[in-house]
Amino acid sequence: MRLGKYEIGRTLGEGNFGKVKYATNVETGKGFAVKILEREKILQLKITEQIKREIRTLKLLKHPNVVRLYEVLASKTKIYMVLEYVKGGELFDKIAMNGRLKEREGLMLFQQLVDGVSYCHDKGVFHRDLKPENVLVDARGNIKISDFGLSALPQHLRDDGLLHTTCGSPNYVAPEVLANRGYDGATADIWSCGVILYVILTGCLPFDDRNLAVLYQKIFKGDVMIPKWLSPGAQHMMRRILDPNPKTRITAAEIKEDKWFKQGYSPAAPEEDDDDGLLDMHDLDEAFSFSEAEQVRDGKAPAFINAFQLIGMSSSLDLSGFFEKEDASERKIRFTSNYSAKELLEKIEDIVTQMGFHVLNKNGKLKVVQSRKDLKGPGSLCIMTEVFELNPSLYVVELRKSSGDIALYRQLCTKLANDLGVSRSQPLLTSIAC
Ligand code: ADE
């Protein structure tokens, strides 16, 4: 597909806000990543002005550890954000594939993360959804944070305007955000950096539980086990960041003064202003050339809370819509099942083994890999599988493709969801006590 001077190619990922595709500038041959948003959905959600404001701010972000926004284009039905292409992949995949990083390497990534995050904070931009999936690693092993400043876009933008399938992982969310009583974007982002630091250095999540209500309690209490084998400096840093009280939590400026943090630290200089006028404000207005008056829905503008905030506000809630089966072409799919966690793990192992895959069981998470002899095409298929308990008779299976062929992945997802998922005709009512 052609979009002006860009040739749109393969899908790079499925972000919170829509598909991200690879694009080549046919004049220069340079590669870009293009985030595609549905105009109609922005219109329906009455967030046009908010998105325009945020995109204007994003244009100001020029830092080596933050994915650059170069241009915004529009077709009749879609908005295209032309972004810096980061060749390397997600930090999440790096850790999922190779396990935790050595402290020295992890510290370097953490320094870059804090640099990028604090730079954006200084410009008044907050992320609000920092997690390893939003942290890309380039070919040189340097961090690039994506989706900064896109908090105006609700998680569910790619669905139908209801709080559906894409409830982001709550494991990285600060307690004050979950409590939904108003919060400071900067301190909440720092909390998420602390969770990412923990994941980088230990290969595990600091707060985790199959039961969402229990997970919430752990986050609220800051109930974290910090391994003694980490250096005292790293332990201290994690404890100071994972402080559930945002008022006493360490700030970015204080992190930069910390002795452990400062080891081998050379702060990245913000990038030169090589503004080529690609994104002038007129273009932006053109791209979003529909006024709020054009908008079709009456009533109040939607409140931008995510699914987990909503769960936090409710003591008994129908979670059915959140966990419907997603399109199996996506990288991450979830389906619900009535089998127990133990049965699910055993059955998944049986099914995928019969399909010729190898299975590794790591702390209750399954890593499914294609055997070498079956390897054809782009690369070995590798899938991470996890089971979450909603209540004792309802579980969520989450499948996430780390690498490999999408068609084969789709086939495997379809088979597992058909064999193990709750049938569509069956009501999916459940409740969760928070
Ligand atoms: N996936 C999501 N955003 C990306 C980017 N900017 N570069 C490469 N892959 C991506």
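Computed from a predicted structure; not experimentally measured.

Peer 1: An account of the side chain of Lys144 is needed here, citing residue identities and associated values.
Peer 2: Following the sequence through the fold, Lys144 ends up in strand β8 (residues 143-145). There is a polar contact of 2.8 Å between the side chain of Lys144 and the side chain of Glu84. With sequence-adjacent residues up to four places away left out, Lys144 is seen in contact with Pro64, Asn65, Val66, Val67, Glu84, Val86, Asn134, Val135, Leu136 and Asp138.

Peer 1: A description of helix α3 (residues 91-98) should follow, citing residues and the corresponding values.
Peer 2: Restricting attention to buried positions, one finds in α3 the residues Leu91, Asp93, Ile95 and Ala96. Just downstream of α3 lies Gly99, where phi reads positive at about 80°.

Peer 1: Now, about helix α13 (residues 341-354): what can you tell me, with residues and values included?
Peer 2: Since the α-helix turns once every 3.6 residues, residues separated by three or four places project in the same direction. Over its 14 residues, α13 runs 20 Å from end to end, which matches the ideal 20 Å to within 8%, given 1.5 Å per residue. Within the span of α13, buried status applies to Ala341, Leu344, Leu345, Ile348, Ile351 and Val352. Buried residues of α13 fall within an arc of 135° about the axis and therefore sit on the same side. Across α13 from its buried face, at more than 90 degrees, point the exposed residues Lys342 and Gln354. Note on α13: the residue one or two positions beyond its end, Gly356, has a positive phi of about 95°.

Peer 1: Lay out the pattern of salt bridges in plain terms, naming residues and giving numbers.
Peer 2: Taken as a whole and judged by the stated rule, the model has 13 salt bridges. Note that Lys144 and Glu84 form a salt bridge whose closest N and O atoms lie 2.8 Å from each other. With Lys144 in strand β8 and Glu84 in strand β6 (residues 78-84), this pair connects stretches of sequence that are 60 residues apart. According to the relative accessible area criterion, Lys144 is buried, its value standing at 8%. Residue Lys415 is joined to Asp419 by a salt bridge in which the shortest nitrogen-to-oxygen separation is 2.8 Å. Here Lys415 pairs with Asp419, and both are found in helix α14 (residues 406-420), just 4 residues apart, close to one helical turn. We classify Lys415 as partly exposed; its relative accessible area is 34%. Classification of Asp419 as partly exposed rests on a relative accessible area of 35%. When salt bridges with common partners are traced through the structure, they connect Glu90, Asp93 and Arg400 into a single cluster.

Peer 1: Describe the environment of Gly222, listing the residues and the values that go with them.
Peer 2: Checked against the element boundaries, Gly222 lands in the loop between α7 (212-221) and α8 (232-241). Sequence separation of Gly222 and Asp243 is 21 residues, and the distance between their C-alpha atoms is 6.2 Å. Sequence-distant contacts of Gly222, that is, excluding residues within four places in its chain, are made with Phe207, Leu242 and Pro244.

Peer 1: Describe the packing of α13 against α14, naming the residues involved and giving the relevant values.
Peer 2: Contact geometry for α13 and α14: axes closest at 11 Å, N-to-C directions at 135°. Considered as vectors, α13 and α14 are oriented oblique to each other. Between α13 and α14 lies a crossing of right-handed hand. Each of Leu344, Lys347, Ile348, Ile351 and Val352 in α13 lies in contact with α14, whose residues at this interface are Leu412, Lys415, Leu416, Asp419 and Leu420. Within the contact of α13 with α14, the residues separate by chemical class into 7 nonpolar, no polar and 3 charged.

Peer 1: Please give an account of the site of the ligand that cites residues and values.
Peer 2: The full set of residues close to the ligand is Leu12, Val20, Ala33, Val67, Glu84, Tyr85, Val86 and Leu136. A distance of 2.8 Å is found between a nitrogen atom of the ligand and a backbone nitrogen or oxygen belonging to Glu84. Contacts to the ligand include Val86, whose backbone N or O atom sits 2.9 Å from a nitrogen atom. Protein contact buries 85% of the 260 Å² of open area that the ligand shows by itself.

Parameters and conventions
- Residues numbered from 1 in each chain as written.
- Predicted model: local features only at pLDDT ≥ 70, side-chain atom pairs only at ≥ 80, totals over all residues.
- Heavy atoms only, no water.
- Helix = DSSP H or I, 4+ residues; strand = E, 2+ residues; numbered from the N terminus.
- Polar contact = N/O pair within 3.5 Å; in protein donor to acceptor, adjacent residues only side chain to side chain.
- Contact = heavy atoms within 4.5 Å.
- Buried < 20%, exposed > 50% of the residue type's maximum accessible area, 1.4 Å probe, protein only.
- Expected span 1.5 Å × (residues − 1).
- Arc of directions from axis to C-beta.
- Salt bridge = Lys/Arg side-chain N within 4 Å of Asp/Glu carboxyl O.
- Axes fitted to C-alpha atoms, helices over the stretch in contact; angles between N-to-C directions.
- Parallel < 35°, antiparallel > 145°, perpendicular 65-115°, else oblique.
- Left-handed = near helix turned anticlockwise from the far one by under 90°.
- Nonpolar A, V, L, I, M, F, W, Y, C, P; charged D, E, K, R; others polar.
- Near = heavy atom within 4 Å.
- Areas by Shrake-Rupley, 256 points an atom, 1.4 Å probe, with all protein chains shown as cover.

The analysis is restricted to geometry; functional conclusions fall outside its scope.
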